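Here are the chains, one letter per residue:
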Amino acid sequence: MDAMNERPVPSVLTGMKRGVRHRCPNCGEGKLYSRYLKVEFDCEACGHHLAAYPADDGPAYFTILIVGHLFVAPLLLFPFIWQASPWLVAPLTILPLAALTLMLLPRVKGAVIGALWANGLRKAEDAPGG
């Protein structure tokens, strides 16, 4: 293989860090999203095809896993959850839970896209020879 054609192996951690910051995993400069969770078609800075990475349901599952372990499980250890009125407990838990979930979801999706980029996993129709 020619040295000019060799691409340096991208770091998964680098791709994930760029994704968490809502930046293109390829260059770290361009925006990853055009709206809340809508991935830009191409990077405005380097032209990399961002829509080729199939994040699918992974970010939602990872977000549920993170929120469940960091928020819900510890919350069940507090006695007020079991002793207070459900009319008090529901809004005091559901509102922060929803806010945390909505805050984490685009960051987790960015990290998943960054990991897909680093591993070279693309949609089948966009892959070379596919």
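Residues numbered from 1 in each chain as written. Predicted model: local features only at pLDDT ≥ 70, side-chain atom pairs only at ≥ 80, totals over all residues. Heavy atoms only, no water.

Some remarks on the confidence of the model for the chain
And step 1. In this model, the chain carries a mean pLDDT of 89, and residues with pLDDT of at least 70 account for 88%.
And step 2. Model confidence for the chain, summarised as mean pLDDT per element, is weakest for helix α3 (residues 79–83) at 90 and strongest for helix α1 (residues 12–20) at 96.
And step 3. Of the regions scoring below 50 in pLDDT, residues 1–5 engages in one contact with residues more than four places distant in sequence or in other chains. (pLDDT = per-residue confidence, 0-100. Helix = DSSP H or I, 4+ residues; strand = E, 2+ residues; numbered from the N terminus. Contact = heavy atoms within 4.5 Å.)

With respect to helix α2 (residues 58–75)
And step 1. When the terminal C-alpha atoms of α2 are compared, their 25 Å separation across 18 residues agrees well with the 26 Å that a helix rising 1.5 Å per residue should span.
And step 2. Of all the bends in α2, the greatest, near 40 degrees, is centred on G68.
And step 3. Within α2 the residues assigned to the buried category are P59, T63, V67, F71 and L75. (Expected span 1.5 Å × (residues − 1). Bend = angle between axes of the 7 residues up to and from the residue. Buried < 20%, exposed > 50% of the residue type's maximum accessible area, 1.4 Å probe, protein only.)

Quick word on a nonpolar patch on the surface
And step 1. Taken together, the side chains of F62, L65, I66 and L70 make up a nonpolar region of the molecular surface, amounting to roughly 390 Å² of accessible area.
And step 2. The topology assignment puts L65 in helix α2. (Patch = residues over 30% accessible without salt bridge, like charges linked within 9 Å, V, L, I, M, F, W, Y side chains within 5 Å. Areas by Shrake-Rupley, 256 points an atom, 1.4 Å probe, with all protein chains shown as cover. Salt bridge = Lys/Arg side-chain N within 4 Å of Asp/Glu carboxyl O.)

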